[in-house]
Each structure stands twice: as structure tokens, then as C-alpha cells.
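# Commentary on secondary and tertiary structure
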Amino acid sequence: MKKKVGLLILLLSLFIGVVVQQQLRAVSELKGNDISISKTVTKNSKGEYDLTFSLPSTQGEIVKEADVVIVIDKSSVSDLAGLKAATAKLIDTMNAKKGVSFKVGVVWYNANVHDGTNGLLNLNNSTEETIKDAIVNYSGSGTNLYGGILRGMQWLEADTSVPDNYKFLIVASDFGGYLTDAGNGEGLVRFSSDDGIKAAYRGNFDITSKYGYNYVSDKAKISDLINNKILLNGVLSDDDYLTKIGGEVGEYSFDGNVGALSAAQIAGLRKAADFVLPDMPSMFEKSIYLSGNLLNEANDKGYRLIGVTKAYSSANSTARYASDAFKEWFEDIGDRYDLDSGMTAEKAFDDIASEIFDLIGSGVITDELSDDFDIVEGSYTILDDGIEIPSVKIDDSHIGFGDPDDNGVYPYVLEYAANHTIKWHINATASRYELLQLTMGVKYNKDVCLLKNDNELYTSKMAQINYMSSVEKLDGVLDFTKALKINNPAVLLSSKGSNCTDTKEIDIDDNNDSSKEQDEKENKVITPPTGNDTLVTFSTLLILSIIFISSNYLFNNRNY
């Protein structure tokens with residue numbers, strides 16, 4: 001009897017767990033990789049409904065701050081003077097931005113990792129020059145890419161006051177590396193792919209001696225190495241070897257005198273010589289693996305990743321092919337500016353400033369209304385950080401907002417399109433730090449007294465934004481490059497009987513205390529049903545059924 005009861009309780013617990021998971025999955029927040037937008041519906045004093053699109057999304061507080069960490073590879077960025085000037089201009093631009101607080105950090109590395117600013121500094125008039133001076137005109141050999149990225153990550157993670165999607169990690173590097181450490185410039189290790197008697201190779205020779213020149217030019221191989229620990233020759237690597245720092249056969253600490261190996265170290269390398277090639281990772285591979293996983297982690301957190309890249313080594317080298325493929329891989333999770341393609345550092349950092357400041361460059365929101373709702377004439381408003389933008393009628397189907405430019409283009413245009421559809425044309429950049437709200441009224445166009453029971457009515461059939469980034473706009477892109485579906489909220493109309501005076505439309509303002517005193521069923525806004533909603537309802541009924549059956553079972557089988 002006890003075993004049966006225990007099994008029944010266990011099955012019930014597991015089932016409840018599944019239902020809870022389904023409920024959590026049914027709750028979603030509309031966010032793209034580089035944009036957040038929300039649509040809300042509120043009932044106004046006229047008994048009509050205001051549809052509002054908000055950029056950024058109003059699902060959270062509007063953020064007025066950001067963290068920016070710049071990681072600079074001093075071994076490869078040849079135009080340090082140009083980079084310093086471009087970065088200084090970026091810092092000037094951020095400091096001049098009103099109403100937004102920035103914290104900035106500078107990390108630079110060669111063989112060792114150096115704290116240019118010793119953490120994040122609040123950017124203001126007193127710290128501006130300190131941050132600029134942290135980018136010193138100095139270059140040196142050694143490439144500790146992993147350590148530099150890790151240090152920048154540590155600084156961003158330490159600041160818990162700023163949301164992760166307002167944290168920017170800028171890496172100026174050739175994306176090659178052959179040193180790894182714990183992120184503090186200590187414990188540096190190098191790997192010898194030679195026969196173990198000679199001193200460890202400097203630079204990229206460990207990978208050059210292991211692979212053919214163009215063998216590693218495929219981005220897919222880099223992805224396999226980072227995600228699946230498969231070496232560039234297709235060998236599955238030992239997990240410990242790729243993840244541990246130092247202390248392995250074939251590696252030894254860097255003490256500035258790489259030619260001096262102890263007898264024990266030489267013996268260890270000789271012993272490993274039969275499997276060093278091709279089944280053990282070179283330091284170049286290890287750097288890609290560790291750095292790539294750090295960048296994946298940053299992307300998963302929501303950090304904005306930006307690369308400013310130079311070519312690694314000479315054109316005819318295995319390391320060059322591998323680092324180029326690594327850069328291609330990076331473009332799947334971040335934006336990259338290539339200083340070898342004719343782009344100057346100044347242009348790159350001008351574009352980066354646009355990325356930091358702007359949410360979109362331009363776009364159009366298409367909202368196809370439900371047949372149950374009509375547009376309320378004259379009910380349209382646009383607020384920019386709470387300030388209403390004046391409007392003017394352009395023609396029978398277009399309303400302009402703001403002052404037109406020299407070509408007669410308004411910053412914002414409302415278009416009454418065909419088939420019960422409206423379009424909000426956003427011709428100006430939308431800021432990450434200022435709330436842009438586009439609102440238009442609609443009204444229910446049928447007799448509510450004819451409704452039976454409760455009716456979930458969606459104000460729109462579909463809503464979507466097509467847009468381009470601010471950088472694309474600066475570069476003269478003409479067509480929108482991205483599209484994002486927008487969730488449609490609904491209102492709930494209820495009829496309590498045939499008497500119209502007893503019929504209420506739902507007050508959906510949850511912040512109104514008086515509305516909360518009404519029947520809970522008649523005071524809510526609902527989001528569109530997902531495939532899980534039906535499952536959740538069914539699951540709830542099934543749980544109640546199981547509880548009833550189990551209770552009856554226990555009652556009938558109780559011991560007196």
C-alpha cells in the first residue's frame with residue numbers, strides 16, 4: 001500500500017513539474033539580438049483603447065547607463081596612434097551624451113595583461129583624460145588574447161547595477177594567440193610541437209608546423225574546436241588538456257628564458273613526442289578554444305560584442321588562416337570592423353559610437369488591425385522621453401511628426417494603409433536610452449451586448465517591425481535588413497446577461513486600485529495564446545483529476 005501511494009505521489013510531482021515548466025515557457029519577452037520593442041493596450045477615459053509601441057521595450061525600466069570595456073592587443077595593432085585617437089574621440093562623444101551615465105575600462109595585453117584603468121571608471125570630466133591615457137602608444141611581443149578578454153569580462157561581470165544587454169566588450173586584436181593564463185598575466189604557458197628537445201617555439205610556429213597552410217581556413221573547423229573540442233585536424237581533444245592552464249606534458253611556465261629547460265622537462269617532452277603530433281592541441285588552438293568559449297559566454301549573457309581586427313602575421317602562414325577563420329566565426333555573435341579592408345580606426349569607432357547609442361537606424365512598424373476594431377481619428381501621438389512631438393497632416397493617409405529635413409522627410413510618419421492596416425515609419429534613429437512611444441487609439445466596432453460569456457479580442461491580427469541598424473544607415477544601406485514579429489495584446493469583453501446595462505468592458509489598467517476591486521476576471525490584459533496555453537489549461541484539469549482520483553483511492557484503501 002505504501003509503495004503504491006509513494007509511486008502515485010511521485011508521478012503527481014513529476015507531472016506538476018512538467019506543467020510548471022510549460023507555464024514558464026508560455027511567458028516570453030520580445031527581444032531580438034539588437035533590439036527590444038513592446039506593444040501594449042490600455043483603456044482610456046472614453047472607453048476606447050490606446051495601442052502603444054515602445055522602443056526600447058517597456059517590459060523593464062528604461063536604462064540610462066552602460067558599461068564599455070576596450071581590450072587592445074598591443075602585439076598586433078600596428079596603428080596604435082590612430083587607435084588611441086579614435087578611442088579618445090569615442091570617449092569624448094560618450095562624455096558629452098546628456099542624461100546617460102557611462103562606465104569605461106581599458107585593458108591592454110601582449111604577453112601579459114595590463115589594467116589600463118584598474119577596473120571600470122565613471123566617465124566624467126575629471127576621469128576623461130585618465131581613460132584616454134590608459135591607451136598607451138606601446139607595442140610588445142606576445143599574444144595573450146584569452147587573458148585580455150577574461151580581464152574585460154571580469155570587469156563587466158563585477159558591475160551588477162547595469163543590465164547585461166547594456167554592456168559592451170570591444171576587442172581590438174588580430175584574433176591570434178599562443179599564450180594562455182588565468183587572466184592576471186601570470187602562469188603563462190607555451191606548447192612545443194617539436195620533438196621535445198628544442199626549446200618551445202615562439203609565436204605561431206606551433207600551429208604552422210602542425211598543419212598545412214590553408215588547412216584551417218574553414219570557419220566550421222573553428223566552431224568545432226570551440227564548441228565540441230575537436231582539433232583542427234579532426235581529432236577529439238582530451239577535455240582536461242584544453243581547459244586546464246599549465247601543468248601538462250608539453251607545456252611549461254614562461255619565465256623569460258624559454259631556452260632553459262630542466263632535464264625533467266626535456267624528458268617529459270621526449271616521452272610525449274610520439275603523440276604530440278597530431279593528437280595534442282597547439283597553443284594557438286588552445287587560445288582559440290578558451291577565447292571562443294569566453295566570447296560565447298559573454299554573448300549568452302547578452303553583452304554586446306564588437307571586434308576591431310587586423311591581419312595576423314604574414315599572409316602565407318597557417319596562423320593567418322586560422323585567425324581569419326576565427327574572425328569569421330566571431331561575426332556570428334558580434335559585429336566586426338576590419339582595419340585591413342580600407343576602414344580607418346576613426347571610421348570604425350564612429351560606427352561603434354552609433355552602436356552604443358542607437359537602438360535602430362530606421363524602421364517601419366506594420367500593425368494590421370482586427371476587423372473588430374476601428375481607428376479613432378485624431379488619436380495619434382508620439383512621445384520622445386515623455387515629450388510630445390508636434391504633428392501635421394501631410395495628406396489624407398499620412399501624418400508627419402517633428403520637423404522635416406531638407407528633403408521634406410519627417411522624422412516619423414503615420415500611414416493609413418489599406419486593409420485595416422497602419423504603418424509607423426521611423427525615419428530617425430531610436431536611442432537605447434530614450435523611450436520612444438508611438439500611440440494610436442482604436443475602438444470596438446460591434447455591439448457588446450451580442451457577446452456571450454467572456455470574449456478575448458485581439459486588437460490586431462499581426463504586428464511586425466522591419467528595420468536596419470544605425471551603422472547600416474550611416475553606411476548608406478537603403479533597404480531594411482531585419483524583421484521582428486511583435487506580440488499582440490488583447491482585451492477581454494464580458495457579458496453578464498442580456499441586459500446591456502449589466503455589460504462591462506474591461507478596465508485593463510492594473511495600476512488603478514479601483515479596477516482591482518472588480519471581479520478579477522473582468523480586469524486583465526491577456527497576451528496572445530501560444531501552443532502551450534491549451535496544454536496548461538488541460539494540464540490544470542488533469543492535475544485536479546489526478547488529485548481527486550488519488551484522494552478517493554487513498555480513502556478507499558485506508559487502514560482502520
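All of these numbers come straight from a predicted model, not from anything done at the bench.

### Points about the overall build of the protein chain
Helix and strand content of the protein chain: 14 helices and 27 strands. Looking at the 560 residues of the protein chain, the share that counts as buried comes to 48%. Long-range contacts, defined as pairs at least 24 residues apart, comprise 73% of the intrachain contacts of the protein chain with a sequence gap of at least 6. Taken as a whole, the protein chain presents about 26,400 Å² of accessible surface, with 50% of it coming from carbon and sulfur.

### Section: the nonpolar core
With 45 residues, the main nonpolar core has Ile-149, Leu-169, Ile-222, Ile-288, Phe-326 and Trp-329 as its most contacted residues. For this core, the secondary-structure elements that each account for two or more residues are β3 (65–73), β4 (101–109), α4 (145–158), β7 (167–173), α6 (219–228), α9 (283–301) and α10 (318–330). With eight residues, the single largest contributor to this core is α9. Judged by nonpolar contacts, the second largest core, of 37 residues, contains Val-63, Ile-72, Ala-172 and Leu-339.

### Here we look at the sheet that holds strand β17 (residues 391–395)
With antiparallel pairing, seven strands are arranged side by side in an open sheet as β17-β18-β19-β20-β13-β24-β25. Each edge of the sheet is formed by a strand with only one pairing partner; in this case those strands are β17 and β25 (482–485). Each strand of the sheet is rotated relative to its neighbour by a mean of 20 degrees, with strand direction disregarded. For strand β18 (residues 398–401) and strand β19 (residues 412–417), the ladder comprises four bridges, and the chain directions are antiparallel.

### Quick look at the pairing of strand β1 (residues 38–43)
Across six bridges, β1 lies against strand β2 (residues 49–55) in antiparallel orientation. By the bridge assignment for β2, Lys-39 is matched with Phe-53. A loop of five residues connects β1 with β2, the two strands running antiparallel in sequence, and Gly-47 in this loop sits at a positive phi of about 80 degrees.

### Quick look at the packing of aromatic side chains
Applying the stated criterion across every chain, the model contains 11 aromatic pairs. Look at Tyr-49 and Phe-373: their rings are 6.2 Å apart centre to centre, the planes differ by 80 degrees, and that puts the pair in the edge-to-face class. Remark: Phe-373 occurs in strand β14 (residues 373–375) and Tyr-49 occurs in strand β2; sequence separation between them is 324 residues. With respect to class, Tyr-49 is no different from Phe-373; both count as buried. Ring pairs connect the aromatic residues Phe-102, Tyr-166, Phe-357 and Tyr-433, which therefore count as one cluster. The ring of Trp-108 has Lys-74 lying over it, and the distance from NZ or CZ to the ring centre is 4.2 Å. Here Lys-97 stacks its cationic end above the ring of Phe-357, 5.0 Å away from the centre of that ring.

### Quick notes on the environment of Thr-143
The residue Thr-143 is located in the loop between α3 (128–133) and α4 in this model. What makes Thr-143 buried here is its relative accessible area of 4%. For the pair formed by Thr-143 and Asn-112, sequence separation is 31 residues and the distance between their alpha carbons is 8.0 Å.

### A short note on the packing of α4 against α9
Orientation of α4 relative to α9, taken along the N-to-C sense of each, is 20 degrees, at an axis distance of 9 Å. Between α4 and α9, the angle falls in the class roughly parallel. By crossing handedness, the relation of α4 to α9 is classed as left-handed. Between α4, through Leu-145, Tyr-146, Ile-149, Leu-150, Met-153 and Glu-157, and α9, the contact on the second element is made entirely by Ser-287, Leu-290, Ser-291, Leu-294, Leu-295, Glu-297, Ala-298 and Lys-301. Residues of the contact of α4 with α9, tallied by class, amount to nine nonpolar, two polar and three charged.

### Quick notes on the confidence of the model for the protein chain
Looking at the protein chain as a whole, its pLDDT mean stands at 76, while 66% of the residues score no less than 70. The least confident element of the protein chain, judged by mean pLDDT, is helix α13 (residues 513–516) at 33; the most confident is strand β6 (residues 121–122) at 98. Counted against residues more than four places away or in other chains, residues 1–33, with its pLDDT under 50, gives 35 contacts. Below a pLDDT of 50 lies the segment residues 245–261, which in the model reaches 45 contacts outside its immediate sequence neighbourhood of four places, other chains included.

### Regarding the pattern of salt bridges
Within this structure, the stated rule accounts for 25 salt bridges. Here Lys-132 and Asp-92 are joined by a salt bridge, their closest N and O atoms 2.6 Å apart. Placement of Lys-132 in helix α3 and of Asp-92 in helix α2 (residues 80–96) is noted, with a sequence separation of 40 residues between them. Its relative accessible area of 32% is what places Asp-92 among the partly exposed residues. Across the pair Glu-472 and Lys-482 runs a salt bridge, and its minimum N-O distance is 3.3 Å. One end of the pair, Glu-472, is in helix α12 (residues 470–474); the other, Lys-482, is in strand β25, and 10 residues separate them in sequence.

The rules behind the values
- Residues numbered from 1 in each chain as written.
- Predicted model: local features only at pLDDT ≥ 70, side-chain atom pairs only at ≥ 80, totals over all residues.
- Heavy atoms only, no water.
- Helix = DSSP H or I, 4+ residues; strand = E, 2+ residues; numbered from the N terminus.
- Buried < 20%, exposed > 50% of the residue type's maximum accessible area, 1.4 Å probe, protein only.
- Contact = heavy atoms within 4.5 Å.
- Areas by Shrake-Rupley, 256 points an atom, 1.4 Å probe, with all protein chains shown as cover.
- Core = buried A, V, L, I, M, F, W, Y, C linked by side-chain atoms within 4.5 Å.
- Pairing = 2+ DSSP bridges.
- Axes fitted to C-alpha atoms, helices over the stretch in contact; angles between N-to-C directions.
- Phe/Tyr/Trp six-rings, centres within 6.5 Å; stacked < 30°, edge-to-face > 60°.
- Lys NZ or Arg CZ within 6 Å of the ring centre and 35° of its normal.
- Parallel < 35°, antiparallel > 145°, perpendicular 65-115°, else oblique.
- Left-handed = near helix turned anticlockwise from the far one by under 90°.
- Nonpolar A, V, L, I, M, F, W, Y, C, P; charged D, E, K, R; others polar.
- pLDDT = per-residue confidence, 0-100.
- Salt bridge = Lys/Arg side-chain N within 4 Å of Asp/Glu carboxyl O.

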